[in-house]
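So you can see what is in the structure, the chains are spelled out below.
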Amino acid sequence: MTIDFSKYADGLVPAVVQDAVTNKVLMLGFMNQEAVDVTNATGKVTFYSRSKQRLWTKGETSEHYLLLKSITVDCDNDTLLVKALPIGPTCHTGADTCFNEVNQNNPADFLWYLESVIAGRKNNPTEKSYTASLFAKGINKVAQKVGEEAVELVIEAKDDNEELFLGEAADLMFHYIVLLQAKGYSLADVVNVLRGRHK
């Protein structure tokens, strides 16, 4: 990938950040070569802040990181398209995007968002995170937890308590996504299998 940083007087190129799942534009930042290199090395989208006059990793204070999926350059080699998975809201105001748009437009979108949060817990564990503690215990513990939640869901299915049934269904879904991440797979991988089976 060749980027022409010389086209702008300050040596920075615009970087449009797009949600890798929903394709919603999240924000606009600026990058120099060092920012691109740090982004690729860490997997966290990093810009050159014109106000701070230094490199700035999105989420360095809020922990609302943008986890890198890809970087491509436009046809003129002077603008970047960064596809990322947002961990939490992107804008400092608390909005999903810096354009005050809602990023999750339907219930299914939340699963993709949840998956990105779980990936963040795996890649950036903290002591207080239940999810990070599951990853730390290893694949056997994660798989065991999925089995436990599946049994609890089956038990609740035999009764007529909607709240308990949906609660167990949510627990199973959450731990299932954790298991996928622990194995190095994603919901998209499972969806591709389902698509292949659909006729």
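Everything quoted here is computed from the prediction, not taken from an experiment.

(A) The overall build of the chain, seen in detail. Of regular secondary structure, the chain possesses six helices and six strands. From first element to last, N terminus to C terminus, the chain shows the α and β order β-β-α-β-β-β-β-α-α-α-α-α. Across its three principal directions, the C-alpha atoms of the chain cover 70 × 45 × 30 Å. Among the 199 residues that make up the chain, the fraction classed as buried is 37%. Within the chain, contacts between residues separated by at least 24 positions form 49% of all contacts whose residues are at least 6 apart in sequence. Taken together, the 20 basic and 26 acidic charged side chains of the chain have centroids lying 4 Å from each other.

(B) Broad picture of the layout of surface pockets. Taken as a whole, the largest pocket encloses approximately 470 Å³ of empty space. In this structure, the largest pocket is lined by 22 residues; those nearest its centre are K69, L85, E115, Q181 and S186. Those elements giving two or more residues to the lining of the largest pocket turn out to be strand 5 (66-73), helix 2 (107-123) and helix 6 (187-197). For the lining of the largest pocket, the residue count by class is ten nonpolar, eight polar and four charged. Taken as a whole, the second largest pocket spans an internal volume of roughly 370 Å³. Around the second largest pocket sit 22 residues that line it, and M27, K52, W56, K58 and H92 are the ones nearest its centre.

(C) Region of the structure containing the nonpolar core. Ranked by internal contacts, the top residues of the largest apolar core, which has 17 residues, are V17, M31, L80 and V82. Of all the secondary-structure elements, those providing two or more residues to this core are strand 1 (13-19), strand 2 (25-31), helix 1 (33-42), strand 5 and strand 6 (80-86).

(D) Fine view of the packing of aromatic side chains. Summed over the entire model, instances satisfying the criterion amount to two aromatic pairs. Relative to F174, the ring of Y130 lies with its centre 6.5 Å away and its plane at 25 degrees, an arrangement referred to as stacked. Residue Y130 is located in helix 3 (residues 130-137), and its partner F174 is located in helix 5 (residues 162-182); the two are separated by 44 residues in the primary sequence. Accessibility expressed as a relative area gives 41% for Y130, which makes it partly exposed. Here the guanidinium or amino end of K44 rests over the ring plane of Y65, the centre of that ring lying 4.1 Å away.

What counts, and at which threshold
Residues numbered from 1 in each chain as written. Predicted model: local features only at pLDDT ≥ 70, side-chain atom pairs only at ≥ 80, totals over all residues. Heavy atoms only, no water. Helix = DSSP H or I, 4+ residues; strand = E, 2+ residues; numbered from the N terminus. Buried < 20%, exposed > 50% of the residue type's maximum accessible area, 1.4 Å probe, protein only. Contact = heavy atoms within 4.5 Å. Lys, Arg positive; Asp, Glu negative; His and termini not counted. Charge placed at Lys NZ, Arg CZ, Asp CG, Glu CD. 1 Å grid on protein atoms, 1.4 Å probe; cavity = no way out; pocket = protein on both sides within 12 Å on 5 of 7 lines; lining within 4 Å. Points joined across faces, edges and corners; volume = space filled by probe spheres on them. Nonpolar A, V, L, I, M, F, W, Y, C, P; charged D, E, K, R; others polar. Core = buried A, V, L, I, M, F, W, Y, C linked by side-chain atoms within 4.5 Å. Phe/Tyr/Trp six-rings, centres within 6.5 Å; stacked < 30°, edge-to-face > 60°. Lys NZ or Arg CZ within 6 Å of the ring centre and 35° of its normal.

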